[in-house]
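# A look at the structure
Chain by chain, the residues run as shown.
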Amino acid sequence: MPSVARRSHQPTANGNDKSSNANRNRRQNIAQQKKSLPIASVEKRLIEEVRKNDILIIVGETGSGKTTQIPQFLFDAGFCREGKVVGITQPRRVAAVTVAKRVADECGVDLGQKVGYSVRFDDSTSNSTRIKYMTDGLLLREALLDPYLSKYSVIIVDEAHERTVHTDVLMGLLKNVQLARSNSTSDGRHLNNGDKNVNGFMSLDKDNGQNGNFLKKDHRDKSSPLKLIIMSASLDARTFSEYFGGAKAVHIQGRQFPVDIFYTRHAETDYLDAALITIFQVHLGEAPGDILVFLTGQEEIEAVERLINERLTKIPEGSRKLLVVPIFAALPSEQQMRAFAPAPSEFRKVILATNIAETSVTIPGIKYVIDPGLVKARSYDPGKGMESLIVVPTSKSQALQRSGRAGREGPGKCFRLYPENEFEKLEDSTMPEIKRCNLSNVILQLKALGVDDILGFDFIEKPSRAAIIKSLEQLFLLGALTDDCQLSDPVGRQMARLPLDPVYSKALILASQFNCLEEMLITVAMLSVESIFYTPRDKYEEARTATKCFGSPEGDHITLINVYRAANDLLEKRTMEMNKMKSEKVLRKWCKENFINSRSLRHARDIHRQIKGHAEQMGLSLASCGDDMLQFRRCLVASFFLNAAVKQPDGTYRALASGQVVQIHPSSVLFRKKPECIIFNELIQTNNKYVRNLTRVDYLWLTELAPQFYAMQN
Ligand code: CDP
Ligand code: MG
């Protein structure tokens, strides 16, 4: 086991004595917890298996200690000697961040030193980082700069059962990297496949060689093979094992207490209301223990959070000890950590989570699970080339994972908010994301890695030919690919460098030509977060009035820019007199008064800072179009032309690229104005198809600014 080093500090006053005592207790507690994890007893055997097998599949019940402990075992066993790093990928940023914090804590080190994390728009690592948690998408990006991932001795693909599109692509990539590293000869050349390596990977870093073929300049030696570990919570080890040529799979015995499952008698018409009622029934009627509620997204979580707090004021004072803690991907990380902290004594914690709490993060103390049985999922229609987010029923295996959360520390209860016969109708498992998403992002990355033959890539599960072709076509229309399907230079290369969806990357590149990069950076940042505005049901009118001052008659994009700038002005005006803490507070207050979601705004400001940095690095010109918003709107057309729609006589809209009939979402500033032609950024599918985040444009601009698509159509 790793030594539990304590941070050195010298107590000088009583207060410090106390805090060092508290610290010692905490450390002892952590050491105790670590020892009691099911995985602790198999450390030696696991390490042996890793030494014996270059690819190992580890399957273990959620909460058995895989994510937090195995990297520490590897560190202690010497896998980080000579500056090597153990990398662990997670499908979700929340998991990468919270787990890294936990492990840094367990090791008694500051985050970002020995233990760190790196996720898009947020990096907490340093040269001394040896255990690095990151998102699967981030590791894919790292491969662009270091195709052999040479600093890693071990890469752990965690939560592989989630089968995110990045995890799937990453597995294909790692398979080849591993082969390349074990086959590379001492002069750095590869034995397979003539002068290209097995993938035909090329480095994006052009300094590396004439055509970027990284093999020529890379000097690795045979002595550093890459170990791969694939970890998964569900019992579906066979798919992975087969994919990796019969790789060895080991199971870690978990500890699971019985969980009583309850169903509703009838289908619920309003599952949020049903969830709310169930939360209070548990709170008022059941033994102590925290509650975990699965909801579909930030908006829903925040709505339920407000409703609970409202309802709490209406029950007897003695029963109000219920602490609501949200956890979802876009939550700032300090706030995410609140879900893991124990509630104050006598309080019951109710955690409102997206499906991140299904397997990605283990929150201690849960005894009750409330599961409406829904999840927000990506869905892609290759025929129409449209991706949308829809709320769909979970699969059976998801429902089981969710109920399992209640039985980690003792017997528990799970309330499924649907009738029992509905459970039987659920799909057994969730379809891998790669089969239901727009692939242009990953294809762009694969192309940038030098993988020419996308259809022939060794996917663990192949996406449909139609989806691949549609995405190639989109990349071509965006100018990222040439006629013969090669990455274009510089546009395609620049696009691959930006950590954004290809259409957004293209928008930034174009904006620098339209002299409105400043506006586009804000737009992309604001579009990257969920719901900037919030409109509580009971304060609908008040909220409308408050946000009116930001509204632009041209549409939502400029409205979002106005909000961003108003917040900026506010902070700039006062920075002189304020420290950081104070400015946070001022911003929160301002947000509250203006019905702006301060969490989302903060997140957007963060993203803005990062993408601005990327844009500067790429040498894009950071101009503003000032008051000439016409320029900006034209740039929106040039960038998002695939999302144009025109009004039909009945007031609905027809999306030009897909032919779908859509409506303007009521939250849009153009909801009543209904302009003739719009550009939109988001399609949501409920009973109707709604478009959100839109701007009024001139129909004629389409052929003028996107002739590659509209001239062809005509
Ligand atoms: O990966 P796996 O689901 O097997 O377990 P893990 O994430 O390594 O979690 C092991 C234990 O560490 C959990 O049971 C939690 O009690 C604890 N943990 C925690 O307290 N705080 C975190 N941020 C992460 C884990
Ligand atoms: Mg885990």
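Per an unreviewed UniProt entry, the protein goes by RNA helicase and derives from Cicer arietinum. According to the UniProt record, the Catalytic activity (unreviewed entry) comment for the protein reads "ATP + H2O = ADP + phosphate + H(+)".

### Here's the deal with the overall build of the protein
Helices and strands together make up the secondary structure of the protein, namely 24 helices and 21 strands. The C-alpha atoms of the protein give 26 Å as radius of gyration, which agrees with the globular expectation for 714 residues (27 Å, within 12%). Principal-axis analysis of the C-alpha atoms places the extent of the protein at approximately 75 × 70 × 60 Å. Looking at the protein residue by residue over its 714 residues, the buried ones come to 46%. Long-range pairs, those at least 24 residues apart, make up 72% of the contacts in the protein with a sequence separation of at least 6.

### Let's talk about the environment of T67
Mapped onto the elements of the fold, T67 is located in helix α3 (residues 66-76). Through-space distance from the C-alpha of T67 to that of A100 is 9.5 Å; in sequence the pair is 33 residues apart. If sequence neighbours within four positions are ignored, T67 has contacts with I88, V99 and D158.

### What about the sheet that holds strand β7 (residues 227-232)?
Here eight strands make up an open sheet; going across it, the order is β4-β3-β5-β2-β6-β7-β1-β8 and the pairing mixed. Each edge of the open sheet carries a strand with a single partner, namely β4 (122-124) and β8 (248-252). On average, each strand axis in the sheet is inclined to that of its neighbour by 20°, with strand direction left out of account. Note: strand β1 (residues 55-60) against β7, five bridges, orientation parallel. Residue pairing for β7: I57 is matched across the bridge by I230. Packed onto the sheet, α3 meets β1, β2 (85-90), β5 (131-135), β6 (152-157), β7 and β8 and runs at close to 165° relative to β2.

### Quick notes on the UniProt feature "domain: Helicase C-terminal" (unreviewed entry) in the protein
Residues annotated by UniProt as "domain: Helicase C-terminal" (unreviewed entry) correspond here to residues 271-450. Note that residues 271-450 is 33% helix and 24% strand, and that its end C-alpha atoms are spaced 47 Å apart.

### Looking at the domain arrangement of the protein
Many descriptions give the size of an interface as the accessible area lost when the pieces come together. Segmenting the protein into domains produces domain 1 (37-183 + 221-252), domain 2 (259-434) and domain 3 (641-713). Computed over C-alpha atoms, the centres of domain 1 and domain 3 are 43 Å apart.

### Points about helix α9 (residues 298-312)
Counted at 1.5 Å a residue, the expected span for α9 with its 15 residues is 21 Å, and the 21 Å between its end C-alpha atoms agrees. Listed in full, the buried residues belonging to α9 are Q298, E300, I301, E302, V304 and I308. The elements touched by buried residues of α9 are α8 (271-285), β11 (322-327) and β12 (348-353).

### Here we look at helix α6 (residues 165-183)
Think of an α-helix as turning once every 3.6 residues; residues three or four places apart then point the same way. Here α6 contains 19 residues, and its C-alpha end-to-end distance of 28 Å stays within 8% of the 27 Å for a straight helix at 1.5 Å per residue. The buried fraction of α6 is high, at 14 of 19 residues.

### Things to note about the packing of helix α13 (residues 440-448) against helix α14 (residues 465-477)
Between α13 and α14, the shortest axis-to-axis distance is 9 Å and the interhelical angle comes to 75°. The pairing of α13 with α14 is recorded here as roughly perpendicular in orientation. Along the contact surface, α13 presents S440, I443 and L444, while α14 presents S471, L472, Q474 and L475. When the residues that make up the contact of α13 with α14 are grouped by side-chain class, the tally is four nonpolar, three polar and no charged.

### What to know about the site of ligand 1
In the vicinity of ligand 1, 16 residues are found, and the nearest of them are K66, T67, T68, R102 and T362. Those elements giving two or more residues to the shell around ligand 1 turn out to be α3 and α4 (93-107). The biggest single contributor to the shell around ligand 1 is α3, with four residues. Considering only residue class, the shell around ligand 1 consists of four nonpolar, ten polar and two charged. Split by domain, the residues of the shell around ligand 1 number at least three in each of domain 1 (37-183 + 221-252) and domain 2 (259-434).

Definitions and limits used
Residues numbered from 1 in each chain as written. Chains lettered and ligands numbered in written order. Predicted model: local features only at pLDDT ≥ 70, side-chain atom pairs only at ≥ 80, totals over all residues. UniProt positions renumbered as here; feature names shortened; annotations may be inferred. Helix = DSSP H or I, 4+ residues; strand = E, 2+ residues; numbered from the N terminus. Rg over C-alpha atoms; globule rule 2.2 N^0.38 Å. Buried ≥ 20, exposed ≤ 12 C-beta atoms within 10 Å, placed from the backbone. Contact = placed C-beta atoms within 7 Å. Pairing = 2+ DSSP bridges. Axes fitted to C-alpha atoms, helices over the stretch in contact; angles between N-to-C directions. Domains from an automatic or database assignment. Expected span 1.5 Å × (residues − 1). Parallel < 35°, antiparallel > 145°, perpendicular 65-115°, else oblique. Nonpolar A, V, L, I, M, F, W, Y, C, P; charged D, E, K, R; others polar. Near = placed C-beta within 6 Å.

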